Amino acid sequence: MRARSIGTAAAAAVALVAVRDLVQKKHALLRNFPVVGHARYLLERIGPELRQYVVTSNEEERPFSRDQRTWIYASAKEENNYFGFGTDMDVEHVQGHAYVKQRTFAGPLPDLHDPQAPLPSAKVLGGPRGRAKAFRPASVVNISAMSFGSLSGAAITALNKGAGLAGALQNTGEGGLSPYHRNGGDLILQIGTSYFGCRDENGAFSLDRLKQVVAGAPVRAIEIKLSQGAKPGLGGLLPAAKVTPEIAEIRGIPAGKDCASPSRHTAFHDVDSMLDFVELLAEETGLPVGIKSAVGEMGFWEELATLMARGDRGVDFVTVDGGEGGTGAAPLIFSDSVSLPFRMGFSRVYGAFAERGLTDDITFIGSGKLGLPENAVVAFALGVDMINVAREAMLSIGCIQAQKCHTDKCPTGIATQDPWLVRGVDAPSKATRAAVYLRTLRKELLKVSSAVGVAHPGLITTDDIEILNGDYEARGLASVYGYKEGWGALSPEAAEEITALLAAPEDRS
């Protein structure tokens, strides 16, 4: 009897759905195929998950393949991150794949068994320009700009604690410095076009408020965001669903409304006034000051390098973000087709400074899928001094690449402000995973450096890497990106200094 009642109720429910589908006019599919048409929408909704776990091969999925995600997950959990039975790559035919050339003999190399995998920057950030608070970053791998608001408070807390445990830096993102950024990790404070956290009541930049923020937090450097790779020239957008009262208070904006950042700065209007702004911030805070940008037209970079060649003004670091970089939300055309990919964009920017003999005076930071060892090694060979990781860091604390960042429905609680979903992020345990991932990536970079016969990834040169160019042919990295002799390499003094810092234990005095 009970079964019959359940069956009757189920049939009635299906009949109601069928009637609703037949009379509604919004969806032609449901109007023509009532009830069963819902299967199409269900499959569409879970399509990313089906492709990840059922349909695609280990190397097909994007933005990160299954093999790449597996490596990050295993690394963060201190599990076996090796792969058996050889590569899944079609190594002879994959166009553009990079190959590292190992050396047979080498001098003394660092200890590869140190669990902390210490790997400091080869350059002193702010040192060449004599900034009062110049320092040598303790880690060449740091956490990229991700704002509280785009990410949950629990996720920011986990990443900040993880950065502290690994001795790395965390970039605050343009959303301002929140309480969740104060959990032990040193910070790079990012200033975006809306000047969140350092703006006056009219939304204009406020130097006094910036100095207050810097004085009350472990800020080691300031980064002026001009653009980012996933949506250059567009500005940011935090959907209304994510603008909670807490976020509104931190940013100084209305709660419950879309928060759109303008695409351009108002504190300066050209390269000349931007350099004045950089020097103002450096003078008033004593901190190294740099810029972050995607790469489009080269006029900006050529003018910046030309003005810096005079020697009186300049940025301390340049963060180049590749067009393949991630974001919480962006129009498809911007994600797919605006700004250059990292390798192409960075090589052009580096060349602009190299032509004027300025590369030793600038710390170059790269971002855009560089949290994978093979991509990072190529970046270092091209002249990067440090790398920033964003989505890879998110994966290390539990992101499953659901690609729902823009909906506030992130199933793992990382890119959402939904309290029920956020409760899934246990910050202390996720912090440990983030720290382990950062250390593991540094260890992988040391392993590859050792294979090449050098002590530090910054000593890997364009001569050590070739790029596959069609079937059975490869070109040197310098040839592919138009590098001249010596480009991408550290100065002899910096190379000697970092080698001494990383000397094998028996060679340390």
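Description of the structure in this document.

1. Section: the overall build of the protein chain
- Helix and strand counts for the protein chain stand at 18 helices and 13 strands.
- Expressed as a percentage of its 509 residues, the buried residues of the protein chain come to 51%.
- About 22900 Å² of surface is accessible on the protein chain, with carbon and sulfur atoms providing 55% of the total.

2. What to know about empty space enclosed by the protein
- Under the counting rule described, the total for this entry stands at three cavities of 30 Å³ or more.
- Quantified by volume, the second largest cavity comes out at close to 80 Å³.
- Together, 13 residues line the second largest cavity, and Gly-383, Asp-385, Gly-488, Ala-489 and Leu-490 are the ones closest to its centre.
- Within the lining of the second largest cavity, the residues separate by chemical class into six nonpolar, four polar and three charged.

3. Side note on the packing of aromatic side chains
- This model, assessed by the stated rule, comprises 13 aromatic pairs.
- Each ring, one from Phe-205 and one from Phe-277, has its centre 5.0 Å from the other, and the planes form 80°; the classification is edge-to-face. On the criterion of sequence distance, the pair formed by Phe-205 in the loop between strand E4 (186–191) and helix H7 (207–215) and Phe-277 in helix H9 (residues 271–285) is long-range, its members being 72 residues apart. Here Phe-205 matches Phe-277 in class, with each residue buried.
- Cluster of aromatic residues (ring-pair linked, three or more members): Phe-342, Phe-346, Tyr-350, Phe-353, Phe-364, Tyr-483 and Trp-487.
- Across the ring face of Phe-135, the terminal group of Arg-220 is positioned such that the distance to the ring centre comes to 4.0 Å.

4. A word on the nonpolar core
- One finds Ile-291, Trp-301, Leu-304, Val-318 and Phe-353 to be the most contacted residues of the largest nonpolar core, which totals 124 residues.
- Here this core gets nine residues from one element, more than from any other, and that element is helix H16 (residues 427–452).
- Excluding residues within four positions of it along the chain, Trp-301 makes contact with Ile-291, Ser-293, Ala-294, Val-295, Val-318, Val-349, Ala-352 and Phe-353.
- Counting residues in hydrophobic clusters, the runner-up holds five residues, among them Phe-196, Val-243, Ile-253 and Cys-259.

5. Looking at the packing of helix H10 (residues 299–308) against helix H12 (residues 342–354)
- At their nearest, the axes of H10 and H12 sit 9 Å apart, and the two run at 25° to each other. Considered as vectors, H10 and H12 are oriented roughly parallel to each other. As H10 runs across H12, the sense of the crossing is right-handed. Here H10 contributes Trp-301, Glu-302, Leu-304, Ala-305 and Met-308 to the contact with H12, which in turn contributes Val-349, Ala-352 and Phe-353.
- Partitioned by chemical class, the residues of the contact of H10 with H12 number seven nonpolar, no polar and one charged.

6. Details of a nonpolar patch on the surface
- Where nonpolar side chains cluster on the molecular surface, the patch consists of Val-19, Leu-22 and Val-23 and spans about 280 Å² of accessible area.
- Within the element layout of this structure, Leu-22 appears in helix H1 (residues 2–23).

7. Thoughts on the pattern of salt bridges
- Taken as a whole and assessed by the stated rule, the structure comprises 18 salt bridges.
- In this structure, Arg-131 and Asp-316 form a salt bridge, with 2.7 Å as the shortest nitrogen-oxygen distance. One end of the pair, Arg-131, is in the loop between strand E1 (98–100) and strand E2 (141–143); the other, Asp-316, is in the loop between H10 and strand E9 (317–321), with 185 residues separating them in the sequence. Asp-316 matches Arg-131 in its accessibility class, with the two residues each being buried.
- Here Lys-225 makes a salt bridge to Glu-174, at a shortest N to O gap of 2.6 Å. Linking Lys-225 in strand E5 (residues 219–225) with Glu-174 in the loop between strand E3 (169–171) and E4, this pair joins segments that are 51 residues apart in sequence.

8. Some thoughts on the side chain of Thr-363
- Relative to the elements of secondary structure, Thr-363 occurs in strand E10 (residues 363–367).
- Beyond its immediate sequence surroundings of up to four residues, Thr-363 is in contact with Lys-123, Val-124, Leu-125, Asp-316, Phe-317, Val-318, Asp-385 and Met-386.

9. Focus on the layout of surface pockets
- Volume-wise, the largest pocket comes out at about 1800 Å³.
- Lining the largest pocket are 48 residues; nearest its centre among them are Gln-68, Met-89, His-97, Glu-374 and Asn-375.
- Listing elements by their share of the lining of the largest pocket, those giving two or more residues are helix H5 (66–76), E1, helix H11 (332–337), H12, helix H13 (373–382) and H16.
- If you tally residues by element for the lining of the largest pocket, the top one is H13, at six residues.
- Taken together, the residues that form the lining of the largest pocket break down as 23 nonpolar, 15 polar and ten charged.

10. Re the packing of H9 against H10
- Running from N to C, H9 and H10 cross one another at 55°; their axes reach a closest spacing of 10 Å. Viewed along their axes, H9 and H10 adopt a mutual orientation that is oblique. Seen from above, H9 lies across H10 with right-handed handedness. Facing Val-271, Asp-272, Met-274 and Leu-275 of H9, the residues of H10 in contact are Phe-300, Glu-303, Leu-304, Leu-307 and Met-308.
- Among the residues forming the contact of H9 with H10, the class breakdown is seven nonpolar, no polar and two charged.

Criteria and cut-off values
Residues numbered from 1 in each chain as written. Predicted model: local features only at pLDDT ≥ 70, side-chain atom pairs only at ≥ 80, totals over all residues. Heavy atoms only, no water. Helix = DSSP H or I, 4+ residues; strand = E, 2+ residues; numbered from the N terminus. Buried < 20%, exposed > 50% of the residue type's maximum accessible area, 1.4 Å probe, protein only. Areas by Shrake-Rupley, 256 points an atom, 1.4 Å probe, with all protein chains shown as cover. 1 Å grid on protein atoms, 1.4 Å probe; cavity = no way out; pocket = protein on both sides within 12 Å on 5 of 7 lines; lining within 4 Å. Points joined across faces, edges and corners; volume = space filled by probe spheres on them. Nonpolar A, V, L, I, M, F, W, Y, C, P; charged D, E, K, R; others polar. Phe/Tyr/Trp six-rings, centres within 6.5 Å; stacked < 30°, edge-to-face > 60°. Lys NZ or Arg CZ within 6 Å of the ring centre and 35° of its normal. Core = buried A, V, L, I, M, F, W, Y, C linked by side-chain atoms within 4.5 Å. Contact = heavy atoms within 4.5 Å. Axes fitted to C-alpha atoms, helices over the stretch in contact; angles between N-to-C directions. Parallel < 35°, antiparallel > 145°, perpendicular 65-115°, else oblique. Left-handed = near helix turned anticlockwise from the far one by under 90°. Patch = residues over 30% accessible without salt bridge, like charges linked within 9 Å, V, L, I, M, F, W, Y side chains within 5 Å. Salt bridge = Lys/Arg side-chain N within 4 Å of Asp/Glu carboxyl O.

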